[in-house]
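Residue-level structure breakdown
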Amino acid sequence: MTTLTRIVNRLRRPLRIRLVGPADQTAAALHGLAQMVNRRPDMADRRIRIDLTIRDKPMREWR
């Protein structure tokens, strides 16, 4: 990765991710996200904002 790419990635808006769900599903999604970011060289030095909301109720009861 070039120095210019690193500078551009730092200036870009952060990648925003919102995870809502039961603890086990949210943890699994976060783990999968971490693996994806680790495999992608274009994600190096990229800012990521992750909002986690843990809820025990099934998804159809939230609405």
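Now for a look at the structure at hand. A quick note: this is a predicted structure, and the numbers were derived from the prediction, not measured.

**Remarks on the pattern of salt bridges**
Close approach of charged atoms allows side chains with opposite charge to pair. According to the stated counting rule, one finds 1 salt bridge in the structure shown. In this structure, R49 engages D51 in a salt bridge whose closest nitrogen and oxygen atoms are separated by 3.5 Å. Here D51 falls in the partly exposed class, since its relative accessible area comes to 33%.

**Describing the side chain of T26**
Note that T26 resides in helix α2 (residues 23-39). A distance of 3.2 Å separates a polar atom in the side chain of T26 from the backbone oxygen of G21. Contact partners of T26, with chain neighbours within four places excluded, come to L19, V20, G21, L52, T53 and I54.

**What about the environment of D42?**
In this fold, D42 is placed in the loop between α2 and β2 (48-54). Residues D42 and N9 lie 33 residues apart in sequence; the distance between their C-alpha atoms is 8.6 Å.

**Examining the side chain of R46**
With respect to the secondary-structure elements, R46 resides in the loop between α2 and β2. Judged by relative accessible area, which is 18%, R46 ranks as buried. Within the local environment of R46, its side chain forms a polar contact with the backbone oxygen of R13, the two atoms lying 3.4 Å apart. If near-sequence neighbours (up to four positions away) are discounted, R46 is found in contact with N9, R12, R13, P14 and L15.

Cut-offs and rules
- Residues numbered from 1 in each chain as written.
- Predicted model: local features only at pLDDT ≥ 70, side-chain atom pairs only at ≥ 80, totals over all residues.
- Heavy atoms only, no water.
- Salt bridge = Lys/Arg side-chain N within 4 Å of Asp/Glu carboxyl O.
- Buried < 20%, exposed > 50% of the residue type's maximum accessible area, 1.4 Å probe, protein only.
- Helix = DSSP H or I, 4+ residues; strand = E, 2+ residues; numbered from the N terminus.
- Polar contact = N/O pair within 3.5 Å; in protein donor to acceptor, adjacent residues only side chain to side chain.
- Contact = heavy atoms within 4.5 Å.

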